[in-house]
Amino acid sequence: MKKAYDVIALGELLIDFTENGVSGQGNPIFEANPGGAPCNVLAMLNNLGKKTSFLGVVGKDQFGTTLRKTLNELGIDTSHLYEDEEVHTTLAFVHTFEDGDRDFAFYRNPGADMMLAEEQIDEEYIKSAKAFHFGTLSMTHEGVRKATKKAIATAKEAGLLISFDPNLRPPLWSSMELAKEQIAYGLEQCDLLKISEEELEFMTGTKDVKEGAHMLLEQYPNLKIMNVTMGKEGSIAFHEGKEVFQAPFIQEHTIETTGAGDTFGACALNYVLEHGTAGLSEEQLSQMLQFANGASSLITTKKGALRVMPTKEEVETFVAGRLK
């Protein structure tokens, strides 16, 4: 059966307000960047030639209109992007520190992304994709959690590749126990995992990345490929007993790290769509990480993520230039 989409992603679509200078009166100026991790992933996948679709909810307001327009412009299918009449589009204010790292303040009590309901999960639509990608922001509250779990169950039953990025945002959880529980659920379901070293430590209690990775691999034998991102320290892929480390491409021009993990995750998912989840060689894993590290390095030189993902050619040129 020919699939309509390569990837369907479910989750939050929101506006990231990022700092952009100071006004004449000395007040901080914020720029309204379209964002949301699952959609950032789709935007990069589109740049790599994949057909994508987004499943989620925005408010019936100016921000919701902007977000739909943005996805349409990027070529991401919006046939299952719903509008909530009463709840506003979710907003996030991003404070950037000098080293480019970030702190988030969310306006989401509730936010439209939490309004996705179980009955909005169209099973035939889910089955029309090759892969299904999700994070945990759609698992913070019961209604949207049920919708997420229904979509995952449908995707698994239909044999889709399941991709998961915990994307832990502590301020959004009523308790860290609940966060841990829902991440564990995601880990049980997925074939491909992208996890940061902080999230790995949160789930395993160890700062030793390799030790933590082996704990997860033992606990979740369903994990076919696990990629651990370590920011300025690079990344490691774990697959069928192989461990491949890839050094990062450090930028002199890093502005902020918004979207870097999503860009990395998209590139890894793209590689797996093209090469499968079984029997990858160390050389192939290295190739996958190198491209993903390069792409995520490039995105740190731009504000926001959704609209400014690099092209395949830009990443290849950048990586080739750095490897000389």
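Residues numbered from 1 in each chain as written. Predicted model: local features only at pLDDT ≥ 70, side-chain atom pairs only at ≥ 80, totals over all residues. Heavy atoms only, no water.

Turning our eyes to something else, we now look at the overall build of the protein. If you tally the helices and strands in the protein, you get ten helices and 13 strands. Scaling as 2.2 N^0.38, a compact globule of 324 residues should have a C-alpha radius of gyration of about 20 Å, and the protein matches this with 18 Å. In terms of overall dimensions, the protein has C-alpha extents of about 50 × 50 × 40 Å along its principal axes. For the protein, buried positions account for 56% of its 324 residues. By sequence separation, contacts in the protein at least 24 residues apart represent 72% of the contacts at least 6 residues apart. Split by element, the accessible area of the protein, about 14,000 Å² in all, is 49% carbon and sulfur. Of the side chains in the protein, 30 bear a positive and 48 a negative charge, and the two mean positions are spaced by 4 Å. (Helix = DSSP H or I, 4+ residues; strand = E, 2+ residues; numbered from the N terminus. Rg over C-alpha atoms; globule rule 2.2 N^0.38 Å. Buried < 20%, exposed > 50% of the residue type's maximum accessible area, 1.4 Å probe, protein only. Contact = heavy atoms within 4.5 Å. Areas by Shrake-Rupley, 256 points an atom, 1.4 Å probe, with all protein chains shown as cover. Lys, Arg positive; Asp, Glu negative; His and termini not counted. Charge placed at Lys NZ, Arg CZ, Asp CG, Glu CD.)

A cis amide bond links Asn 109 with the next residue in sequence, Pro 110, at an omega value of -5°. Here Pro 110 is to be found in the loop between strand E7 (102-107) and helix H3 (123-127). Despite not being glycine, Asn 167 shows a phi value in the positive range, around 45°. The topology assignment puts Asn 167 in the loop between strand E9 (161-164) and helix H5 (176-189).

Strand order in the open sheet formed by four strands is E3-E2-E6-E7, and the pairing between neighbours is mixed. For this open sheet the edge positions go to strand E3 (28-35) and E7, each flanked by a neighbour on one side alone. Between one strand axis and the next, the sheet turns by 30° as a mean value, whatever way the strands run. In the sheet, strand E6 (residues 91-96) pairs with E7 via six bridges, with the strands oriented antiparallel. Looking at E7, one finds that His 95 is bridged to Asp 103. Across the sheet, helix H2 (residues 62-74) touches strand E2 (14-22), E3 and E6, and the angle it forms with E2 is around 95°. (Pairing = 2+ DSSP bridges. Axes fitted to C-alpha atoms, helices over the stretch in contact; angles between N-to-C directions.)

What follows covers the nonpolar core. Ranked by internal contacts, the top residues of the largest apolar core, which has 49 residues, are Leu 13, Met 44, Phe 54, Leu 71 and Met 288. Elements supplying a minimum of two residues to this core: strand E1 (5-10), E2, helix H1 (37-47), strand E4 (52-59), H2, helix H8 (260-275), helix H9 (282-299) and helix H10 (312-322). Those residues in contact with Leu 13 that lie beyond four places of it in its chain are Gly 35, Cys 39, Phe 54, Val 57, Val 58, Leu 67, Leu 71, Leu 81, Thr 89, Asp 113 and Leu 306. Residues Ile 121, Val 144, Ala 155 and Leu 160 belong to the second largest nonpolar core, which totals 45 residues. (Core = buried A, V, L, I, M, F, W, Y, C linked by side-chain atoms within 4.5 Å.)

Throughout the structure, instances matching the rule amount to 14 salt bridges. A salt bridge links Arg 108 to Asp 113, with the nearest nitrogen and oxygen atoms 2.7 Å apart. Asp 113 gets classed as buried once you look at its relative accessible area, which sits at 3%. Taken together, the salt bridges that share partners define one network made up of Lys 69, Glu 73 and Arg 307. (Salt bridge = Lys/Arg side-chain N within 4 Å of Asp/Glu carboxyl O.)

Let's shift gears to the sheet that holds strand E11 (residues 225-229). Taken in spatial order, the nine strands line up as E5-E4-E1-E8-E9-E10-E11-E12-E13 in an open sheet, and their pairing is mixed. Either end of the sheet is taken by a strand with one partner, and the two such strands are strand E5 (77-84) and strand E13 (242-246). Pairwise comparison of adjacent strand axes, ignoring direction, gives a mean angle of 15° for this sheet. When strand E10 (residues 192-196) meets E11, the two strands line up parallel, connected through five bridges. Across the sheet, the residue bridging to Ile 195 is Val 228, located in E11. Contacting E11, strand E12 (235-239) and E13, H9 crosses the sheet at an angle of about 35° to E13.

Purely spatial values, then, with no claim about function.
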